[in-house]
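Descriptive structure summary
Next come the chains, spelled out residue by residue.
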Amino acid sequence: MTLDIKPIIATLSRHRIAATLIILEIALACAVLCNALFLAASRMELIGMESGVDEASIATLQLLDCESCNPVDINGRWLQQLRGQAGVQAVGVLNAVPFGQRAGTAGVSLDPEGKHHGGVPHFYTMDAGAIDALQLKPVQGRMFSDADYQPVDNFLPSQAQVWITQAFAGHLWPGQDPLGKQLWMGGYRYTVAGVLAHFSRPDPGRSENGLAGMEWSVIVPVTTDAQAGTYVVRANPRDLPRIVSNAIAAAPKVTPEAILAVDYSKPLLQLRETYFQQDRSMTRLLLGICLVMLLVTALGIIGLASFWVQQRTRQIGIRRALGATRRQIISYFQTENLLLTSVGIALGMLLAYAGNQLLMHYFEIPRLPLYYLPLGAVLLWLLGQAAVIGPALRAAAIPPIVATRSA
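Residues numbered from 1 in each chain as written. Predicted model: local features only at pLDDT ≥ 70, side-chain atom pairs only at ≥ 80, totals over all residues. Heavy atoms only, no water.

On to the overall build of the protein chain. Counting its regular elements, the protein chain contains 12 helices and 12 strands. Computed over the C-alpha atoms, the radius of gyration of the protein chain is 31 Å, more than 25% above the 22 Å expected from 2.2 N^0.38 for a compact globule of 407 residues. Taking all 407 residues of the protein chain together, the buried fraction comes to 49%. The contacts of the protein chain with a sequence gap of at least 6 include a subset with a gap of at least 24, amounting to 80%. When the accessible surface of the protein chain is totalled, it reaches about 19400 Å², and 60% of it is carbon and sulfur. (Helix = DSSP H or I, 4+ residues; strand = E, 2+ residues; numbered from the N terminus. Rg over C-alpha atoms; globule rule 2.2 N^0.38 Å. Buried < 20%, exposed > 50% of the residue type's maximum accessible area, 1.4 Å probe, protein only. Contact = heavy atoms within 4.5 Å. Areas by Shrake-Rupley, 256 points an atom, 1.4 Å probe, with all protein chains shown as cover.)

Set out below in structure tokens:
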């Protein structure tokens, strides 16, 4: 191998510009490929995330311009209307649902003085009906008792027993039992009574915490008339479209003083579909960029290898006349391409890391996992070897007599 590499390096040194251009092209492809694959994988992970509820059986209705409405009156009218529909299994009042409008984000700390910041979760306020409709049950801890449901002070109770998700518990107290631990928000204190396996924020992936905080949720039990304007319904999936359609049609009569937000009054599956529409488009765009970069790189390698085959026709013929086999000629071009690709990949890994640092700084993108670097390298190595096969086979097929006469 050492004897083969020395003449290859000598040949490449006489074609510095062409070799440099292909190295830079491979380096750029490696940098873009690693980051684009990572971002696409992150989007796909987000799109496929668990919401923590049976989305096919859940729908929500939301009123607008109802801040001055009397909660007792409004809730009474809407709960009666929804419970009166055939097929409705459970109804409740809450402030938000996954993939809907967020209603209560706030920073929390792990101490009353606020010295140990815990992050910015979303606070869900729910009555007993909403928890029943969503069928929420902690995997650790206890169910809420009747005494846990309280009125609110501003938008939350000043003290409450709460549920948090496993993701948020792991962030706050890694490796520790979260039950009985406390969260603070100024003078407000919340004690962890239970832990949910999953429960998505309304805005997963687009909050202050990015992808890492897509399940940073806190469930606060409140009385039914502590809030008004957002309702959740559980029913058989085949009945949900009819129930929502009937509710929308009845809204002007049920609450003429408020407007029903049609865009947020839908089955949860439709809210999810709409919420992730942008992410699906972004994933397709990123995968398209990857394919284009691979195609451009392959064409560059093919073009350069074809050019060098034409330039070295005499050299190839002499080697064939001296006894070089077709396999040796092919091996020569593959080794040459492997050297160029390896140098380009090494430079591309540095560019990929530097590019990720810029994305982290300006767009709050997560850190690029290191395993994406060898993944991109393997793809480009395989692509390079595949792209050079055609020109190498054409070179190996040149008869010695034709090659020597073409000088």
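A few words now on a nonpolar patch on the surface. Nonpolar side chains collect at one region of the surface, where Leu 24, Leu 347, Leu 350 and Leu 351 lie side by side and expose about 360 Å² of accessible area between them. It is helix 10 (residues 326-363) that contributes the most residues to the nonpolar patch, 3 residues altogether. As for its position among the elements, Leu 351 is in helix 10. Relative accessible area serves as the criterion here: at 40%, Leu 351 is assigned to the partly exposed category. (Patch = residues over 30% accessible without salt bridge, like charges linked within 9 Å, V, L, I, M, F, W, Y side chains within 5 Å. Salt bridge = Lys/Arg side-chain N within 4 Å of Asp/Glu carboxyl O.)

Attention now goes to the state of the cysteines. Note on terminology: a disulfide is the covalent bond linking the sulfur atoms of two cysteines. In the structure shown here, the tally under the stated rule is 0 disulfides. Free cysteine: Cys 30, not disulfide-bonded; nearest cysteine sulfur from Cys 34 at 4.1 Å. Relative accessible area serves as the criterion here: at 1%, Cys 34 is assigned to the buried category. (Disulfide = S-S within 2.5 Å.)

Turning to the environment of Leu 61, a few remarks are in order. Position of Leu 61 among the secondary structure elements: in strand 1 (residues 58-64). Sequence separation between Leu 61 and Asn 35 is 26 residues; the distance between their C-alpha atoms is 39 Å. When near neighbours in sequence (up to four residues on either side) are disregarded, Leu 61 contacts Trp 78, Leu 82, Gly 229, Thr 230, Tyr 231, Val 244, Ala 247, Leu 260 and Ser 265.

Structurally, Arg 201 can be placed in the loop between strand 9 (188-196) and strand 10 (217-221). On the basis of relative accessibility, which here comes to 0%, the residue Arg 201 falls in the buried class. Here the side chain of Arg 201 touches Asp 203 through a polar contact of 3.0 Å, side chain to side chain. (Polar contact = N/O pair within 3.5 Å; in protein donor to acceptor, adjacent residues only side chain to side chain.)

Moving on to the pairing of strand 9. Of all 9 residues in strand 9, 8 are buried, a share of seventy percent or more. Inspection of the sheet shows strand 6 (residues 140-141) paired to strand 9 by 2 bridges, in the antiparallel sense. Residue Gly 141 lies in a different strand from strand 9, and its bridge partner there is Gly 194. One ladder, built from 7 bridges, connects strand 7 (residues 159-165) with strand 9; its direction is parallel. Residue Val 162 lies in a different strand from strand 9, and its bridge partner there is Val 192. Across 4 bridges, strand 8 (residues 182-185) lies against strand 9 in antiparallel orientation. Bridge pairing links Trp 184 to Arg 189 in strand 9. (Pairing = 2+ DSSP bridges.)

As a further point, take the packing of aromatic side chains. Counting across every chain of the model gives 11 aromatic pairs. Connected via pairs of aromatic rings, a cluster forms that spans Phe 38, Tyr 371 and Tyr 372. Cation over ring: Arg 206 sits above Tyr 275, and NZ or CZ is 4.2 Å from the ring centre. (Phe/Tyr/Trp six-rings, centres within 6.5 Å; stacked < 30°, edge-to-face > 60°. Lys NZ or Arg CZ within 6 Å of the ring centre and 35° of its normal.)

Now for unusual backbone geometry. Positive phi, normally seen in glycine, also occurs at Gln 135, with a value near 55°. As for its position among the elements, Gln 135 is in the loop between helix 4 (128-134) and strand 6. For Gln 135, a relative accessible area of 45% gives the class partly exposed. We note that Asn 154 has phi near 70°; this positive angle belongs to a residue other than glycine. Along the chain, the position of Asn 154 falls in the loop between strand 6 and strand 7.

Right, let's talk about the pattern of salt bridges for a bit. Within this structure, the stated rule accounts for 11 salt bridges. Two residues, Arg 234 and Asp 132, come together in a salt bridge whose shortest N-O distance is 3.5 Å. Here the residue Arg 234 occupies a position in strand 11 (residues 230-235), and Asp 132 occupies one in helix 4, the gap between them amounting to 102 residues. Residue Asp 132 is classed as partly exposed on the basis of its relative accessible area of 43%. One network of salt bridges, with partners in common, ties together Arg 43, Arg 206 and Asp 279.

Take the sheet that holds strand 12 (residues 259-260) next. One open sheet holds the 4 strands; their spatial order is 2-11-1-12, and the pairing between them is antiparallel. Two strands lie at the open edges of the sheet, namely strand 2 (88-93) and strand 12, each paired on one side alone. Here strand 2 pairs with strand 11 via 5 bridges, running antiparallel. Looking at the pairing, Gly 92 lines up with Val 232 of strand 11.

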